[in-house]
Amino acid sequence: MAIPDVKQKWSGRVNTVTIGATKAEGGTRGRTVTIGGETGIPFLSFDGETPHPPAIALDVLDKAPLDWPEPLREIYGDVWSDPAAWARRAKELGADLINLRLVSTHPEEGDRSPEEAADTVRAVLEAVDLPLVIWGCDVPAKDQRVMPKVAEAAQGENCLLGACTETEYRTLAAAAQAYRHKLIALAPCDINKQKQVNILISDTGFPLTDLVLYPTTASLGYGMEYVYSILERGRLAALAGDRLMAQPVILDVGYEAWRSKEARIGDEAAAAWGPLHVRGAAWEAVTAADLLQGGADLLILRHIKAVEVVRSLIRDLLAA
Amino acid sequence: MSSFRIHFLPDDQEISINAGQTLLEAARRANVYVGAICGGEGTCGKCRLIVREGEVEGESTEFLTREEIRRGYVLACQVVPRSDLVVEVPPESRLSGYVGIGGEDSERFRDFTLRETAAPAPHLDPVVKKVFLTLVEPTLDDPTADQERLLGALARDRQTPLQMGLKVSRQLPCVLRKVVRERGRVQWSWNGRVTATVGVRGPVLEVLSVEPGNTSGRNFGLALDIGTTTVVAHLVDLVRGTTREAAAKYNSQLTFGADVIGRINHARQPHGGEDLQRAIVKDIDTLIQDLEQRSQIGRGEIQCIVAAGNTAMLHFLLGLEPDLIRLSPFTPAAACPPPVRAAEIGIRVNPRAILYTLPMIGSFVGGDVTAGIVASGMYLADEVSLLIDLGTNGEIVLGNRDFLVACAASAGPAFEGGSVACGMRAACGAIDTVRISPNGDRVSVSTIDGGRAVGICGTGMIDALAQLFLAGLVDRSGRFQVDRCPSRFRPSSEDDRPEFILVPPAEAANPRGVVITQADVENLIRTKGAIYAAAACLVNSVGLSFADIQHLYIAGAFGNKLDVANCVTIGLLPDLPRDRVHFIGNSSVAGAKLAMLNEQTMAEMYRIRERITYEELMVNPRYMDDFLSACFLPHTDLSQFPSVPDPASGAACPDVAAAKSMASDHAACKRGGAS
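Residues numbered from 1 in each chain as written. Chains lettered and ligands numbered in written order. Predicted model: local features only at pLDDT ≥ 70, side-chain atom pairs only at ≥ 80, totals over all residues. Heavy atoms only, no water.

A. Representation of the overall build of chain A in the model. Secondary structure summary: chain A contains 12 helices and 10 strands in total. Its C-alpha atoms give chain A a radius of gyration of 19 Å, within 12% of the compact-globule value 20 Å for 320 residues. Reported as C-alpha extents along the three principal axes, the dimensions of chain A are approximately 70 × 55 × 35 Å. Across the 320 residues in chain A, those meeting the buried criterion constitute 59%. A gap of 3 Å separates the mean positions of the 33 positive and 44 negative side-chain charges of chain A. (Helix = DSSP H or I, 4+ residues; strand = E, 2+ residues; numbered from the N terminus. Rg over C-alpha atoms; globule rule 2.2 N^0.38 Å. Buried < 20%, exposed > 50% of the residue type's maximum accessible area, 1.4 Å probe, protein only. Lys, Arg positive; Asp, Glu negative; His and termini not counted. Charge placed at Lys NZ, Arg CZ, Asp CG, Glu CD.)

Shown next, in the form of structure tokens:
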């Protein structure tokens, strides 16, 4: 008996979004990164194509983190008080993009001024020629002052700025449009809300094709199934032709994985759980590997081992 | 126990209450209406009073500003007197007794002509009819008893079995004959001219009463719509099939809770059910009194009452156990209660008059919906119709002559003024029309009576939201865009968010002015989302889409004031060609009248009840998803609303320069704490 052909033809495709700008494009980046463009379910090469493999951004904070566990300190401890040096380290470790978090602008984390934040961005742009993803401190009132300055400082570099929400989108959308950056649209685990945020942003005149979606992230063991199902539903909607869900997706895997007890608790748990230097990175890698199946285009990671595993996994799955 | 005298202004009512009783209880006992949406739990902030003389004590409340407290404002349900008091009921707390008798409003409630519906003009065959007979005098050859003589004559041209009570049999000999009593002697002389009043009681016809002579030219009935908010009564001439008078008033049960659930909760308290029944019976009595005065028809001539209403209201009226309505699996005590004597529940009309309650479909789809189905005529048509009853509990029916499905959407009281900061019912001083200029700086409103604005009613809220949206003063998620027109906004006293000034205090009959808060907008978006999503689910459940709907009937007390375009703009109603949308007004009372005027129509309602399918949305997995996508202006799926224009875009950035200036403006605006 012949095996029936179960290939699925999808009417929609995921948008492509290019981050970064080379000299020719008005920026100073050594290269750009393009994500999205899929025409089928992730890694089912017989269904559709994946023209751009999922990209990896490495985390860089603008101040030394106090709560990063030992395995991460070993990699970044010597550079993490200097964002430029940290960014160079991330490039050496093979990052496609730098994920810069301006945590020190938080009123309780140093309350640095918009001008200082802009200086940090300039320093990182000078230190490495990778495209940038830039986040504020997640305090809307402060981000509304910081992000326009940051967008201005990075003018022409075609960065990816985060994140617009249902309540706070106008300032960031206006800034991104004025200085020609891409935007992250955040709607936690809710496809309807995601579409609504996208419409609100597009009502400001910002093109839907310049958006990257952030449906939030959950790590292995902490509600990942739920996020996974939302990811998958969103991707299926995109493939079915829903233009409001056709944007590529960014996931903050490193941050979530390294918050988990399993990635943090020291070697006192080694007897049952294995040594921390393997465990933390493994937790991050497994979270990333799982979520990739739901449909993710840009992963923010932290540990070099996780980067290696995820890269080879993507390579193998795309080759299969 | 000491007691205090409370004098209420401006009604000049005085009552004495025991120490420890609240001013709200005093107002209830004095029959002074004070809005209390939450039923006296201190959670709605609507029962505002001003203490003019005397002292009170009570809990502090977040619902009053410092300035208002200084001026003597209190919440009636939260304070008890410490001395004799003079208190004033301010306009925003008053419930005017009658709903705008006079002008357009009375038309709204009186109108019986259902111009736009497919309902056939009823062939007159009322459920209670008067039959004039001339009976042949008994003879030795034919000594048939009086009762059997009458029943035989009545049975001649009908199949329905007849019955007669002992009371009527006792009267009958004296009605059929002239009786002369002289010096202990009784003389009987045959008259034989008799008018029998017969009424449908289930499968039989009952002879309700007999009168000498021919009174068949005068026969009246009362059609009632017992709404959660409003009670409407029509006095119907059963001989001519016309409406002689109409009256409406607020449902006094409002003081026990604004919605069905609040009142069911009250009914669970000791004597709570009696409170509710007494309140509605008293309302009906007040309406009858009003009808008597204006029509010159005595209440004794009312031979039947047909009551439509939601399931809970009819349970309260009949004193049926209402508690199970709100508990899963939502089982009413009775769906088709038998006809009873009106006198049995205390309604003073003809003592033999029958009270019919229209058959109910489910716990949340009541006899008012059965009435609406008949009034719209949707059950007779080949085309598919959708009936939406916009009330506190939004009922929706879909179907045609072959099928009917119904569901209920718990919309909440926003359309009737509940849980809206300046909300009120459609009464004097209520804003019902709002227009806002495209750039948002010019706002014009009109009130139902043309007077100064006290608050805003449901149509006003729908108008306001649509106009705010089109002017770009709210975004699609309903958030105020303060920077579009900063002068129209001010910080809210209820939370730290901005509120939109619809009517400034100086121009309103209310010291706060009339405002729309961010919470009001969110509330209305949830309300409209619930109704639209329920309609969408129902239509989808039978494999249809809105495009298949040939007639959209909108029922409710909104009348013609409701602006279809604005309803579509906010996504309350589906975006259908306007000629498919028909306002049928109060279809509940209209259906009650149709049932009263034709016993076949009444019987048809029972058949409709039998064949309708009730769709429980709470177990429909699609509903929540549909609801969330409907909580947006007009909808997350904009393609469902092609006729709705994009809002005036203050947010759009046509070029980079404008965008740059906007970015800095926004930053400046946010720094100033404007939003």
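Anyway, onward from the coordinates.
B. Structural view of the pairing of strand β20 (residues 385–389) of chain B. Residues and elements named next belong to chain B. The buried count for β20 comes to 5 of 5 residues, which makes it a mostly enclosed element. Here β20 shows a buried face lined by Ser-385, Leu-387 and Asp-389 and a second buried face lined by Leu-386 and Ile-388. Pairing analysis gives 5 bridges linking β20 to strand β21 (residues 393–399), with the strands arranged antiparallel. Pairing of Ser-385 across the sheet is with Gly-399, part of β21. Taking the residues that link successive antiparallel strands as the turn, the β20-β21 hairpin has 3 residues. Where β20 and strand β29 (residues 551–555) come together, 5 bridges link them in parallel fashion. By the bridge assignment, Leu-387 is partnered in β29 with Tyr-553. (Pairing = 2+ DSSP bridges.)

C. Expanded view of the pairing of strand β4 (residues 97–101) of chain A. Residues and elements named next belong to chain A. Of all 5 residues that make up β4, 5 are buried, and the element is covered over most of its length. Burial of β4 is two-sided: the residues Leu-97, Asn-99 and Arg-101 facing one way and the residues Ile-98 and Leu-100 facing the other way are all buried. Of the strand pairs in this sheet, strand β3 (residues 55–61) and β4 are connected by 5 bridges, and their pairing is parallel. Considered in β4, the bridge of Leu-61 is made with Arg-101. Relative to strand β5 (residues 132–135), β4 is paired through 4 bridges, and the arrangement is parallel. From the neighbouring strand, Ile-98 faces β5, where its bridge partner is Leu-132. Chirality of the crossover, the property in question, places the unit of β4, helix α3 (residues 114–127) and β5 among those that are right-handed. (Right-handed = clockwise from strand over helix to strand, strands pointing away.)

D. Here's a closer look at unusual backbone geometry. Following A:Gly162, the chain continues to A:Ala163 via a peptide bond in cis, the omega torsion being -10°. Inspection of the secondary structure assignment puts A:Ala163 in strand β6 (residues 160–164). Between B:Ser328 and B:Pro329 the backbone carries a cis peptide bond, its omega angle lying at 5°. The residue B:Pro329 is located in the loop between α8 (311–318) and β18 (340–341) in this model.

E. Here's a closer look at the pattern of salt bridges. All told, the structure shown has 58 salt bridges over all chains when counted by the stated rule. With its nearest N and O atoms 2.8 Å apart, the salt bridge here joins A:Asp297 to A:Arg235. With a gap of 62 residues between them, A:Asp297 in the loop between α11 (276–295) and β10 (298–301) and A:Arg235 in helix α7 (residues 224–239) connect regions that are remote in the sequence. Judged by its relative accessible area of 1%, A:Asp297 falls in the buried class. A:Arg235 gets classed as buried once you look at its relative accessible area, which sits at 5%. Of the charged contacts in the structure, one is a salt bridge between B:Arg352 and B:Glu206, with a shortest N-O distance of 3.9 Å. In this pair, B:Arg352 sits in the loop between β18 and β19 (354–357) while B:Glu206 sits in strand β13 (residues 204–212), placing the two residues 146 residues apart along the sequence. If you follow the salt bridges from partner to partner, you end up with A:Asp59, A:Arg101, A:Asp252 and A:Arg302 in one network. (Salt bridge = Lys/Arg side-chain N within 4 Å of Asp/Glu carboxyl O.)

F. Seen up close, the side chain of A:Thr22. Residues and elements named next belong to chain A. For Thr-22, the location among the structural elements is in the loop between β1 (16–19) and β2 (33–36). On the basis of relative accessible area, Thr-22 is assigned to the buried category, the value being 19%. In this structure, Thr-22 is in contact with Gly-27, Thr-28, Arg-29, Gly-30, Arg-31 and Thr-32, ignoring residues within four places of it in sequence. (Contact = heavy atoms within 4.5 Å.)

G. Layout of the sheet that holds strand β8 (residues 128–134) of chain B. Residues and elements named next belong to chain B. Ordered by their spatial adjacency, 4 strands build an open sheet running β8-β12-β13-β9, and the pairing between neighbours is mixed. Each edge of the sheet is formed by a strand with only one pairing partner; in this case those strands are β8 and β9 (162–164). For this sheet, the mean angle separating the axes of adjacent strands, direction not counted, is 35°. Across the sheet, helix α5 (residues 166–176) lies against β9, β12 (193–201) and β13, angled at about 35° from β13, the strand it touches most. (Axes fitted to C-alpha atoms, helices over the stretch in contact; angles between N-to-C directions.)

H. A look at the environment of B:Arg512. All names here are of chain B. Along the chain, the position of Arg-512 falls in the loop between β27 (498–503) and β28 (514–517). C-alpha of Arg-512 to C-alpha of Glu-68: the two residues are 444 residues apart in sequence and 9.4 Å apart in space. If we ignore the near neighbours within four places in the chain, the residues touching Arg-512 are Arg-48, Glu-68, Ala-421, Arg-490 and Pro-505.

I. Molecular detail of the packing of α11(A) against helix α12 (residues 304–319) of chain A. Residues and elements named next belong to chain A. Remark: α11 packs on α12, axes separated minimally by 8 Å, with the N-to-C direction vectors making an angle of 30°. Taken together, the axes of α11 and α12 lie roughly parallel to each other. As α11 runs across α12, the sense of the crossing is right-handed. Seen from α11, the contacting residues are Ala-281, Glu-284, Ala-285, Ala-288, Ala-289, Leu-292 and Gln-293; seen from α12, they are Lys-305, Ala-306, Val-309, Val-310, Leu-313, Ile-314 and Leu-317. Grouping the amino acids of the contact of α11 with α12 by side-chain chemistry returns 11 nonpolar, 1 polar and 2 charged. (Parallel < 35°, antiparallel > 145°, perpendicular 65-115°, else oblique. Left-handed = near helix turned anticlockwise from the far one by under 90°. Nonpolar A, V, L, I, M, F, W, Y, C, P; charged D, E, K, R; others polar.)

J. Representation of the packing of aromatic side chains. Residue and element names in this part refer to chain A. Counted by the stated rule, this structure contains 12 aromatic pairs over all chains. Judged by centre distance (6.2 Å) and plane angle (75°), the ring pair of Trp-68 and Tyr-76 falls under edge-to-face. Under the relative-accessibility criterion, Trp-68 is labelled buried at 7%. For Tyr-76, a relative accessible area of 0% gives the class buried. (Phe/Tyr/Trp six-rings, centres within 6.5 Å; stacked < 30°, edge-to-face > 60°.)

K. Representation of the nonpolar core in the model. Ranked by size, the top nonpolar core spans 102 residues in total, and within it B:Leu150, B:Val207 and B:Ile373 carry the most contacts. At 8 residues, helix α7 (residues 272–295) of chain B tops the list of elements feeding residues into this core. Setting aside chain neighbours within four positions, we find B:Leu150 in contact with B:Leu133, B:Leu135, B:Met164, B:Leu172, B:Val194, B:Ala196, B:Val207 and B:Val210. Of all hydrophobic cores here, the second largest spans 80 residues; its members include A:Ala90, A:Ala151, A:Cys159 and A:Ile314. (Core = buried A, V, L, I, M, F, W, Y, C linked by side-chain atoms within 4.5 Å.)

L. Representation of α3(A). Between its first and last C-alpha atoms α3(A) spans 20 Å; for 14 residues at 1.5 Å apiece the expected length is 20 Å, and the two agree. Elements that come into contact with the buried residues of α3(A) comprise α2 (83–92), β4, β5 and α4 (140–153) of chain A. (Expected span 1.5 Å × (residues − 1).)

M. Local environment of the sheet that holds β28(B). Residue and element names in this part refer to chain B. The strand order across the open sheet built from 3 strands is β26-β27-β28, with neighbouring strands paired in antiparallel fashion. Looking at the sheet topology across the chains shown, the edges are occupied by β26 (489–491) and β28. Strand-to-strand twist of the sheet, defined as the mean angle between neighbouring strand axes without regard to direction, takes the value 40°. Of the pairings in the sheet, the one linking β27 to β28 comprises 4 bridges and is antiparallel in character. Its bridge partner being in β28, Val-503 is matched across the sheet by Val-514. Packing of helix α11 (residues 518–541) onto the sheet brings it into contact with β27 and β28, and relative to β28 it is tilted by some 65°.

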